[in-house]
Amino acid sequence: MKPKRKTFGSIMTFACLATAALASSCSTYYCVSSQVSEDLSVKRTIYSSENSYEHLQEDIWKIQKLDRHAGFNFHNSSDSMKFKACAQADEIGLLKCKSDIGNPILCPEESLGRKFRWFFTQYEYKAVFKTFKHRIPLAYDGYLTEEEMSLLLRGSDMPKGWNGTEIYGMLDEISRKFAQWYSDAVYITLCDIFRPYCDERQIEFMETAHDAFMKKADREDVLMMTPKDFVSIWENMAPEMKISDVYSAEKASIDKAYETGTQVIEYFFTESFHTIDLPGKYAYGNAVEFMDGNPVWKVDAYRLLYDDMILKAASRKVNIWAFLVTFAIIAAIACPIIIRRRI
């Protein structure tokens, strides 16, 4: 039985994601701190654990190494911020990253707005981090429900009234199904890479031999499988299919396709925290964590694997002059009336 796929014709970028998932100690961490002025100009500082600022427009950013490293906790891990990049712009759009940077964690679509109300001015911030789930070759339908994916990747809808043991058991079962989906996606990715160089008999064999392949190869090994490993399993299973001959003849093209397809691994080596300081006092938004009264969000590849991640925050700054003007108007109307009544 072969897994239900979204597509089979294109080279996908999902193989070997487990390598990145297991290598969090090698991740690059960012802390993006933005300060917004009343005229909507922005001062931004990006702290980083590495000197990794290739995504920034060089002409407006000043990068420096910190004399004293600043520690920062990223939920399940922590690191020292060794560098910082600073910039100031009249509008937030001028701070966007280079157009050729594909990592969605580094390149959100941001906007700032301002709405005048008589007694206060409201400032609104929005950032959209695009999902890359469309680049995965296998739908998770039949593996996990929407609720399970949301819980695993976003931490949403955690059952109330459950103890730690019960939650652990539930997450363990969801993780098992996620690993099954994951390994099947890697299998399909490798099939997609080999497909252009195989004849119809070889293609049909790979499409129908999924279950036999998974029995021969350990699923954990499949998670980090390379084209060479893929061919080795087929050689043991069905040497008559001569898939190794295909690899020998087209090794350069297949390895290049594999390298291109696995660029998405870089996403899993990047984690960032975003905080924004808007004029006035924070009013509402979708952040669940705060630092010095300002909203904080964590963005990583797991959260974007589920769907777009949208950050929203709004603040309100009281217009003191509006109260004074209102009081003056009331006084101007009320005083003559009071004086006439006394006369």
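Our structure's up above, just so we're on the same page.
So, here's what we can say about the structure. (Residues numbered from 1 in each chain as written. Predicted model: local features only at pLDDT ≥ 70, side-chain atom pairs only at ≥ 80, totals over all residues. Heavy atoms only, no water.)

## Things to note about the state of the cysteines
In this structure the tally under the stated criterion is one disulfide. Note that Cys97 is cross-linked by a disulfide to Cys107, the S-S spacing being 2.1 Å. For the disulfide bridge between Cys97 and Cys107, the dihedral angle about the S-S bond is near 125°, and by the sign convention the bridge is right-handed. One end of the pair, Cys97, is in the loop between strand S4 (77–89) and strand S5 (109–116); the other, Cys107, is in the loop between S4 and S5, with 10 residues separating them in the sequence. Like Cys107, Cys97 is buried. Unpaired in this structure, Cys86 has its nearest cysteine sulfur neighbour in Cys31, at a distance of 12 Å. (Disulfide = S-S within 2.5 Å. Helix = DSSP H or I, 4+ residues; strand = E, 2+ residues; numbered from the N terminus. Buried < 20%, exposed > 50% of the residue type's maximum accessible area, 1.4 Å probe, protein only.)

## Quick word on helix H3 (residues 164–194)
With 31 residues, H3 ought to run about 45 Å at 1.5 Å a step, and its terminal C-alpha atoms sit 45 Å apart, in line with that. Regarding H3, its N-cap is Asn163, as a side-chain oxygen of that residue lies 3.1 Å from the backbone nitrogen of Thr165 further along. (Expected span 1.5 Å × (residues − 1). Polar contact = N/O pair within 3.5 Å; in protein donor to acceptor, adjacent residues only side chain to side chain.)

## Regarding unusual backbone geometry
A positive phi angle, near 55°, is found at Lys242, a position not held by glycine. The topology assignment puts Lys242 in the loop between helix H7 (227–237) and helix H8 (243–249). Unlike most non-glycine residues, Asp292 shows phi in positive territory, near 55°. Along the chain, Asp292 falls in the loop between strand S9 (289–291) and strand S10 (294–300).

## A short note on the sheet that holds S5
Taken in spatial order, the four strands of this open sheet run S5-S6-S11-S8, and their pairing is antiparallel. Each edge of the open sheet is held by one strand with a lone partner, namely S5 and strand S8 (281–285). Each strand of the sheet is rotated relative to its neighbour by a mean of 20°, with strand direction disregarded. Where strand S6 (residues 120–129) lies against strand S11 (residues 309–318), 10 bridges are found, and the strand directions are antiparallel. In the strand pairing of S11, Tyr125 is matched with Ala313. (Pairing = 2+ DSSP bridges. Axes fitted to C-alpha atoms, helices over the stretch in contact; angles between N-to-C directions.)

## Some thoughts on the nonpolar core
Counting residues in hydrophobic clusters, the biggest one holds 85 residues, and the most contacted among them are Trp181, Phe194 and Phe230. Among the elements that take part in this core, H3 stands out by supplying 14 residues, more than any other. Listed in part, the six residues of the second largest apolar core include Tyr29, Phe72, Met81 and Phe273. (Core = buried A, V, L, I, M, F, W, Y, C linked by side-chain atoms within 4.5 Å.)

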